[in-house]
Structures are given as structure tokens and as C-alpha cells.
Amino acid sequence: MSKEDNYWEGISLPKKDKRILYFIFGIPVLCLIIFIIIGLLDKTSLAESFLSSESKIYFKGKVASEYRQKDNHNVKVAVLNDGYEYQIMAEWEKLIDVGDSISKKKDSLYIHVVKPDGKRLKLDYVEAVKKWRN
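For the protein, the count of helices and strands is 3 helices and 6 strands. Starting at the N terminus, the α and β elements of the protein follow one another as α-α-β-β-β-β-β-β-α. Taken over C-alpha atoms, the radius of gyration comes to 26 Å for the protein, far larger than the 14 Å a tight globule of 134 residues would show. If you line up the protein on its principal axes, its C-alpha atoms span 85 × 30 × 30 Å. In the protein, of all internal contacts separated by at least 6 residues, the share reaching a separation of at least 24 is 43%. Carbon and sulfur atoms provide 59% of the accessible area of the protein, an area that totals close to 10500 Å². Averaged over its 23 positive side-chain charges, the protein has a centre that lies 5 Å from the centre of its 19 negative ones.

The buried fraction of strand 2 (residues 75-80) is high, at 6 of 6 residues. Across the two faces of strand 2 the burial is the same, with V75, V77 and V79 and K76, A78 and L80 all buried. Sheet analysis places strand 1 (residues 59-69) next to strand 2, joined by 6 bridges and oriented antiparallel. What sits directly across from V63, in strand 2, is L80. Where strand 1 folds back on strand 2, the antiparallel hairpin that results is connected by 5 residues, among which H73 adopts a positive phi of roughly 60 degrees. Counting the residues that bridge the hairpin from strand 2 to strand 3 (residues 85-87) gives 4 residues, and of these G83 lies at a positive phi of roughly 95 degrees.

Within the largest apolar cluster, 19 residues are counted, with the highest numbers of intra-cluster contacts made by Y86, W92, I96, I102, I111 and Y125. At the level of secondary structure, the elements contributing two or more residues to this core comprise helix 2 (46-55), strand 1, strand 2, strand 5 (110-114) and helix 3 (125-130). Dropping the residues within four chain positions of it, Y125 is found in contact with F50, L51, E54, Y86, M89, W92, K104, L109, Y110 and I111.

Another aspect to go through is unusual backbone geometry. Phi at H73 takes a positive value of approximately 60 degrees, unusual for a residue other than glycine. Inspection of the secondary structure assignment puts H73 in the loop between strand 1 and strand 2. In this structure, D107 is a non-glycine residue whose phi angle is positive, near 65 degrees. By secondary structure assignment, the location of D107 is in the loop between strand 4 (101-104) and strand 5.

Reading the values: rules and limits
- Residue numbers here run from 1 along each chain, matching the order of that chain's written sequence.
- Reporting in this predicted model follows two pLDDT cut-offs: at least 70 for local features of residues, and 80 or more for side-chain atom pairs to be given and counted; totals over whole chains, interfaces and linings ignore these cut-offs and use all residues.
- Water and hydrogen atoms were dropped before computing side-chain values, which therefore reflect all heavy atoms in the structure.
- Secondary structure elements follow DSSP: runs of H or I no shorter than four residues count as helices, runs of E no shorter than two count as strands, and numbering proceeds from the N terminus.
- In this treatment the radius of gyration is a C-alpha quantity, and the globule benchmark scales as 2.2 Å times the residue count to the 0.38 power.
- Contacts were defined at the residue level, with two residues in contact if any of their heavy atoms lie within 4.5 Å.
- Every accessible area reported is derived by Shrake-Rupley at a probe size of 1.4 Å, with residue values counting cover from the shown protein chains alone.
- For the charge count, each Lys or Arg is scored as positive and each Asp or Glu as negative, with His and the chain ends excluded.
- Each charge is placed at NZ for Lys, CZ for Arg, CG for Asp and CD for Glu.
- Per-residue accessibility, obtained with a 1.4 Å probe over protein chains only, is compared with the maximum for each type, and a residue is labelled buried under 20%, exposed over 50%, and partly exposed between these values.
- Between any two strands, pairing holds if DSSP finds at least two bridges.
- For this analysis, a nonpolar core means a set of buried residues of the types Ala, Val, Leu, Ile, Met, Phe, Trp, Tyr and Cys, connected via side-chain atoms within 4.5 Å.

Printed below as a string of C-alpha cells:
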């Protein structure tokens, strides 16, 4: 055996140091196990979670400009005249343009769009999410 093979054989750590090492390496493993258990117990689907978070959002304004977020799957974003940035769902990208007035009430799952010519659209999150389940 070489000197390198015997390096760890004679080393013993004090109890305090062992406890610190167990704590340092044990906490991440414990957190991972808890995360996995919570994931298995949580029966909320991605669609339900998305609808719940979207229902809490509210805004109202005129689309002043649009751009694409290159670092976020090239999502189209409508910038309202008050500076609010609304990430447009892919299904609705062709329906919302610069100059449109858009609004959404809190606890609602509808986006109301009014075109400059007066035409009105009502975009439904529930209908858009139904396509995710297929």
C-alpha cells in the first residue's frame, strides 16, 4: 500500500466536529426528502396552480408597446401605458396588439380586450388551460 492509501486510516475527528459535518451534509438531504414528499402529497395540477395565481392578478391600461423576452422562452410581453408588463399567453399573442386597451379584475379569469375600432374580446384563462390537459 502506498502512503496515500493509508492517509485517512489514522484520522479520527472529535465528536463536536462529527456533529457539525453530519449537520452540514444532513440538512440538504433532509430538505430534499421533504421536498419530494410534499411534491408527492400535493395533488394540485399545474393548470390549477396557474389559474390560482392568475386570478390574483389585476391590471388595466392601454398597450403602449410590445417586446419578446428572449430569456423566457421568447414570451410576448405587452407593456401598458402605466408601465405594467403583461406576459401574453401564446394562444392570445395574435389577439393583443399595440393600441388595444386590456384589463383584468382581481379574482377573475378573463382578460377584456378593446380594439381601437371598438371591437371587444373576452379571453378566458380556463379555456386556454384546457388545452394543456390534452
